[in-house]
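These are the residues of each chain, in order.
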Amino acid sequence: MTRRSVALTVAILAAVAVLCGGMVGLPVMLFGQMQAEAAACELPSAPQASPVPSVGEWNSAQTTHATVIVSVGRQRRVAPRGYVIALAVAMQESTLRNLANSTVPESLDIPHDGVGSDHDSVGLFQQRPGWGSVRERMTPSYAAGKFYEALVGVDGWERMRLTDAAQAVQRSGTPEAYQKWEDDAEALAAQILGLPNIDDIGGGDPTAPCGADDLGPVPVGPGGWVQPIRATIVSPFGPRGGRLHAGVDLSRQDVRGDPIRAAASGVVEQVKCDWYTTCDRDGSTNQRGCGWYVDIRHPGDVVTRYCHMIRRPEVSIGQRATAGTVIGFVGSSGGSSGPHLHFEVHVDVPEGPYHANGANAVDPVAWMRERDAPLGPGT
Ligand SMILES: [Zn+2]
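Quick notes on the rules
Residues numbered from 1 in each chain as written. Predicted model: local features only at pLDDT ≥ 70, side-chain atom pairs only at ≥ 80, totals over all residues. Helix = DSSP H or I, 4+ residues; strand = E, 2+ residues; numbered from the N terminus. Buried ≥ 20, exposed ≤ 12 C-beta atoms within 10 Å, placed from the backbone. Contact = placed C-beta atoms within 7 Å. Pairing = 2+ DSSP bridges. Axes fitted to C-alpha atoms, helices over the stretch in contact; angles between N-to-C directions. Parallel < 35°, antiparallel > 145°, perpendicular 65-115°, else oblique. Nonpolar A, V, L, I, M, F, W, Y, C, P; charged D, E, K, R; others polar. Core = buried A, V, L, I, M, F, W, Y, C linked by C-beta atoms within 7 Å. Expected span 1.5 Å × (residues − 1). Left-handed = near helix turned anticlockwise from the far one by under 90°.

1. Some remarks on the overall build of the chain
Across its full length, the chain carries 9 helices and 14 strands. By the burial criterion, 50% of the 379 residues in the chain qualify as buried. Considering only intrachain contacts with a sequence separation of at least 6, the fraction spanning at least 24 residues in the chain is 64%.

Structural data, given as structure tokens:
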């Protein structure tokens, strides 16, 4: 490290003065929660209606409708999880065909791919008259737009089971019927977006605001590990104030609201904010605890932990995360004196939550360096 970079690091340390841990105290300040949303969202691409080639068992007409559904979602800046839900609904309702209805004479005069007879429902999403005119409901971009409009109004839709989110919009007589299409919908959405997997959207997560493709790709080391955030190590792993600082603190200027990524693929084991800590507001060094945090269990009994998020994380327990999945956003909840990520690595962690603790914590700096994903601001 050069003298200049040492000086810079010291300056950052002084400026950020980030520490976590400490005893119970009083919450101090509120914060503007929308900053996380400020992550640059690129301009969405325009809906595309020109025919596209068939994909797998879906013919050209069906994939063209699917492309419109995805494009409208992008235009409306719906998180990619929304495209998957919309596709699954259209697969279930119409097998991705724009259906007229034999009991709705007007619908038979409008271009259609088939004729259904369910009540007075028409179109890809089998929408009934409350959703718009017959012609509107049989216009795929309109039908998709109305679907997304309703979906994003469902509180917590990003974290629901697919069929629960779908049912909250569709109110179908067979509420479980959408679930079986999840894999097909994910595969088709990924193919339309030109990705091997929907989770590979720019190394990000389908539930991230604006789509994680807008957060930029992250390099993945040969062992499949990535930096959770690209930032300076402001407090190392090791003894601190008479106890073990079981992780490493990462920060830099304007880090608040930056996406935090899963360091490797695994299953989300814990998403929590304990009662004794501060959750949706900044904490302080007089507080204790992690604030909002996530634990991810990786193959080989390794668990990573991510603390002090700005608000409820973007993932839920049991969810699979790939390396780079956006799991939440940097904040300062809990025992924290300023916005930073407190990142822990635990090894030989017995099965089940609550087993990652100080006794099995290892130095994340050494761990990540050995996996070709060294922590730090990079070059
Ligand atoms: Zn810390």
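2. Re the pairing of strand β13 (residues 341–346)
Strand residues, when the strand is regular, have side chains that alternate between the two faces of the sheet. Within β13, 6 of the 6 residues are buried, which leaves it mostly tucked inside the rest of the structure. Residue alternation in β13 divides its side chains into two sets, Leu-341, Phe-343 and Val-345 and His-342, Glu-344 and His-346, and both sets are buried. Two strands pair when backbone bridges link them, and strand β6 (residues 248–251) and β13 are joined in this way by 3 bridges, in the antiparallel orientation. From the neighbouring strand, Asp-249 faces β13, where its bridge partner is His-342. Of the pairings in the sheet, the one linking strand β10 (residues 302–309) to β13 comprises 5 bridges and is antiparallel in character. Across the sheet, Thr-304 pairs through a bridge with Val-345, a residue of β13.

3. Quick look at the packing of helix α2 (residues 60–75) against helix α8 (residues 182–192)
For the pair α2 and α8, the least separation of the axes is 10 Å and the interaxial angle reads 80 degrees. Considering their axes alone, α2 and α8 lie roughly perpendicular with respect to each other. Within the contact between the two elements, α2 uses Ala-66, Thr-67 and Val-70 and α8 uses Leu-188, Ala-189 and Ile-192. For the contact of α2 with α8, the class distribution of residues is 5 nonpolar, 1 polar and no charged.

4. Some details on the nonpolar core
Grouped together as the largest cluster of nonpolar side chains are 46 residues, with contacts concentrated most on Leu-250, Ile-260, Val-294, Tyr-306 and Ile-327. With 5 residues, the single largest contributor to this core is β10. Leaving out residues up to four positions away in the same chain, Ile-260 has contacts with Pro-228, Ile-229, Tyr-306, Met-309, Val-326, Ile-327, Gly-328, Phe-329, Val-330 and Leu-341. Formed by 38 residues, the second largest nonpolar core is a distinct cluster that contains Val-84, Ala-90, Tyr-148 and Leu-151.

5. A word on helix α3 (residues 80–94)
Compared with an ideal rise of 1.5 Å per residue, which puts 15 residues at 21 Å, α3 spans 21 Å between its outermost C-alpha atoms and is within 8% of the ideal. Among the 15 residues of α3, 15 are classified as buried, and the element is accordingly described as predominantly covered.

6. Re the packing of α3 against α8
One can describe the packing of α3 onto α8 by two numbers: an axis separation of 8 Å at closest approach and a directional angle of 120 degrees. Regarding the angle of α3 to α8, the classification is oblique. Along this stretch, α3 crosses α8, giving a crossing that reads as right-handed. Contacts between α3 and α8 pair Pro-80, Tyr-83, Val-84, Leu-87, Ala-88 and Met-91 from the former with Glu-182, Asp-184, Ala-185, Glu-186, Leu-188 and Ala-189 from the latter. The class makeup of the residues in the contact of α3 with α8 is 9 nonpolar, no polar and 3 charged.

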